[in-house]
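Geometric and topological summary
Listed below are the residues making up each chain.
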Amino acid sequence: MLELYNTATRQQQPFEPADGNIARVYSCGPTVYDFPHIGNLRTFVLSDILCRYLAFKGWDVHHVMNITDVDDKTISGALTQGVSLSEYTQQYTEYFFEDLETLNIQPAWQYPCATDHIEQMQALVQTLLDNGHAYEVEGNVYFDISSFSDYGKLSGIQPDELGDSDFSRLDDEYDREEAGDFVLWKAAKPDEPSWDSPWGSGRPGWHIECSVMSMEYLGPTLDIHTGAVDLIFPHHENEIAQSEAATGQQFVRFWVHGEHLIVEGEKMSKSLGNFYTLRDLLKEGYSPQAIRHQLLTAHYRQQLNFTLEGLEQSERAMQRLNTFIERLPKLPLPEGSSEEAIQLIEEARSNFKQVLDDDLNVPGALGVVFELIKDINMLIDAGELRDQDRTAMLNFLEQADSVLGLMTEPLEAAKTGPAADEEIEALIAEREQARADKDFARADEIRDQLAAKGIILEDTPQGTIWRRK
Ligand code: AMP
Ligand code: ZN
């Protein structure tokens, strides 16, 4: 049975969806004011692995990830560039989706944007005003934390100032010593985008966005809420306060928080200037597969110390994996199966589930896969591997990949066989024609089809050139 560490209870607990069928998962998504750095992406890879494993366990997964497209940072970015807020956030939302695809992160069920849910946010603020959990001061509406006796139950933070309603806070992000009433609705400032409301024109605070968008799509009680540890306080503490004060029901059953990706002992962050984006790394020639692998090398509750040396080790590990997958279908093997191989594969299958059931031990799962490859290579070298063992091995790798998402392309290529040069040339010619006809959907389809066979296209002024990965 799957067990997850729950930040709320500070214990590892058996997990099942409340209704036994659909796992309702909410992840705090990106603030679309810049390219995500790979620390952010580590957290998104965590929610990907979690959802993939929930699906592996046989549950339907309703995964919602919000897009924060209105906050202090997006507004100031748009003002600096002299473009509208939506124009500004749209480009970074697109880059975000491109990065998810590059890292083979499966799309969530819903990606709601904050600016599409302003009405629902106002309704929740109104509910909190009506039931005495909020108050208004000059167009700003604040949550009164003294009205919610469970305040602090997630983070363990119990500020002395509890109940000091003179304490008015407009910043979305603040430290534990600054805990106090927090803003639900902010009065408009000159030149800032704003929406009409019963309290004058303004915009939502950051915390209310997540309460509204999670409950809108998943109902008042979520099975799992994810994010990185920096969000425990104040963001998630405030989400609990707003949501439970409004509905009177438990907001989240399991809080799953990922530790940070760090660089030389410090959190990778924009403000410290010590960050890499995915694009920085791709430009330096690192492969998406190795980057995903590197992000999976530490357990999610451990900090991951990011180094280029570590990334190079991942490149080498992925090379071994790819060579194995590429070679396996081509080996001339005798008919039948060997008891030893089948036993090794079955043991690996059972160990793979066991380690992931233990609070998503992904490094353990990677260990199981690589250990099995080593054993199967030994059987190949000893001339003992048979044809049916090969099929069983490829089936196991496919099953493992449905969770790890690390070998999707090589496995696809192994299934379809290596692409012949003439086939590639013919598809490229068809793609060029499609582009000339402005049939970009077909052109993209062909690019994807070739990518699945490990063929990379590069469009140059002289035409399209290709190479094998
Ligand atoms: P943001 O786009 O800033 O709202 O952040 C998106 C997600 O990345 C949030 O869940 C953050 O908590 C998380 N995050 C920020 N910095 C790091 C880091 N260095 N390592 C891991 N996750 C991070
Ligand atoms: Zn959030």
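Read on for an overview of the structure. Everything numeric in this text was worked out from a predicted model, so none of it was measured. Throughout this description, residue numbers start from 1 for each chain and increase along the sequence as written. Going through the entries in the order they are written, you letter the chains from A and number the ligands from 1. Totals for whole chains, interfaces and linings use every residue, but because this is a predicted model, local features are given only for residues with pLDDT of at least 70 and side-chain atom pairs only at 80 or more, for both listing and counting. Side-chain metrics rest on all non-hydrogen atoms present in the structure, leaving aside hydrogens and water.

Moving on to the coordination of the zinc ion (ligand 2). At this site the zinc ion (ligand 2) is bound by C28 (SG), C210 (SG) and H235 (NE2), with donor distances of 2.1 to 2.2 Å. For Na, K and Ca the donor cut-off is 3.2 Å; for every other metal, N, O and S atoms count as donors within 2.8 Å. Water does not enter the count, which can leave sites looking incomplete. Mapped onto the polypeptide sequence, the residues donating to the zinc ion (ligand 2) form the spacing pattern C-x181-C-x24-H. Within this pair, whereas C28 is found in the loop between β3 (22-27) and α1 (38-56), its partner C210 is found in helix α5 (residues 206-218), the two being separated by 182 residues in sequence. This pair shows no difference in class: C28 is buried, exactly as C210 is. Helix and strand labels come from DSSP, where a helix needs a run of H or I of at least four residues and a strand needs a run of E of at least two; each type is numbered from the N terminus. Each residue is assigned to one of three classes by its accessible area relative to the maximum for its type, calculated with a 1.4 Å probe on protein chains only: buried under 20%, partly exposed between the two thresholds, exposed over 50%.

Let us look at the nonpolar core. As used here, the term nonpolar core means buried Ala, Val, Leu, Ile, Met, Phe, Trp, Tyr and Cys residues forming a set that is joined through side-chain atoms within 4.5 Å. Judged by nonpolar contacts, the single largest core of 128 residues is most densely connected at F352 and I376. Residue contacts for F352: discarding those within four places in its chain leaves F56, A365, V368, V369, F396, A400, V403 and L404. Grouped together as the second largest cluster of nonpolar side chains are seven residues, L427, I428, I446 and L450 included. In what follows, residue pairs with any heavy atoms lying within 4.5 Å of each other are defined as contacts.

DSSP bridges decide pairing: two strands pair if at least two such bridges lie between them. Strand order in the open sheet formed by three strands is β12-β11-β13, with mixed pairing between adjacent strands. Edge positions in the sheet fall to β12 (266-267) and β13 (304-305), since each of these pairs with one other strand and no more. Examined bridge by bridge, strand β11 (residues 261-263) and β12 share two bridges and lie antiparallel to one another. If you follow I262 over to β12, its bridge partner there is K267.

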